[in-house]
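# Remarks on the overall topology
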Amino acid sequence: LIPIPVNDLQSVLPTPSKLNPNADQYVTYFGRTPQQRYNSLFEGISIAFLGSMFAYFLSFVVGQFLATVLGIVFLFWPILSPEFKAYQRNWELVGGR
């Protein structure tokens, strides 16, 4: 094995100040095969639909403002989830848990 210089290692591994996901993590999240892509798409659409229905019924209990904010989060979940999941993996890699 050849030791890696510290500068190269810091550019490869996530650090606490640099936990944002990179392009390879997005590709991994969305899937490499067509079946994995379909499963990822189905998961995102299902969460968006069921979450928006939950927010609609929740609006009768807690009010429209909170339900609207929650509904927007659920509707944009297919866009937000890769970012959150990659951030969580990076955090676990640097020993955050």
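The structure we're discussing is the one just above.
Conventions adopted
- Residues numbered from 1 in each chain as written.
- Predicted model: local features only at pLDDT ≥ 70, side-chain atom pairs only at ≥ 80, totals over all residues.
- Heavy atoms only, no water.
- Salt bridge = Lys/Arg side-chain N within 4 Å of Asp/Glu carboxyl O.
- Helix = DSSP H or I, 4+ residues; strand = E, 2+ residues; numbered from the N terminus.
- Buried < 20%, exposed > 50% of the residue type's maximum accessible area, 1.4 Å probe, protein only.
- Axes fitted to C-alpha atoms, helices over the stretch in contact; angles between N-to-C directions.
- Left-handed = near helix turned anticlockwise from the far one by under 90°.
- Contact = heavy atoms within 4.5 Å.
- Patch = residues over 30% accessible without salt bridge, like charges linked within 9 Å, V, L, I, M, F, W, Y side chains within 5 Å.
- Areas by Shrake-Rupley, 256 points an atom, 1.4 Å probe, with all protein chains shown as cover.

Summed over all chains, the structure comprises one salt bridge. For lysine 85, the salt bridge identified is with glutamate 43, shortest N-O distance 3.0 Å. Residue lysine 85 is found in helix H5 (residues 77-93), and its partner glutamate 43 is found in helix H3 (residues 34-62); the two are separated by 42 residues along the sequence. Judged by its relative accessible area of 27%, lysine 85 is partly exposed.

The next thing to look at is the packing of H3 against H5. Packing of H3 against H5 brings their axes to within 9 Å, and their N-to-C directions diverge by 115 degrees. Two packed elements cross with a definite hand, and for H3 against H5 that hand is right-handed. Across the interface between the two elements, Glu43, Gly44, Ile45, Ile47 and Ala48 from H3 touch Trp77, Pro78 and Lys85 from H5.

For the rest of this paragraph, the subject is a nonpolar patch on the surface. Nonpolar side chains collect at one region of the surface, where Phe49, Leu50, Met53, Tyr56, Phe57, Phe60, Val61, Val62 and Leu66 lie side by side and expose about 1,000 Å² of accessible area between them. Among the elements that line the nonpolar patch, the one with the most residues is H3, at eight residues. Within the fold, valine 62 resides in helix H3. Since its relative accessible area comes to 43%, valine 62 is described here as partly exposed.

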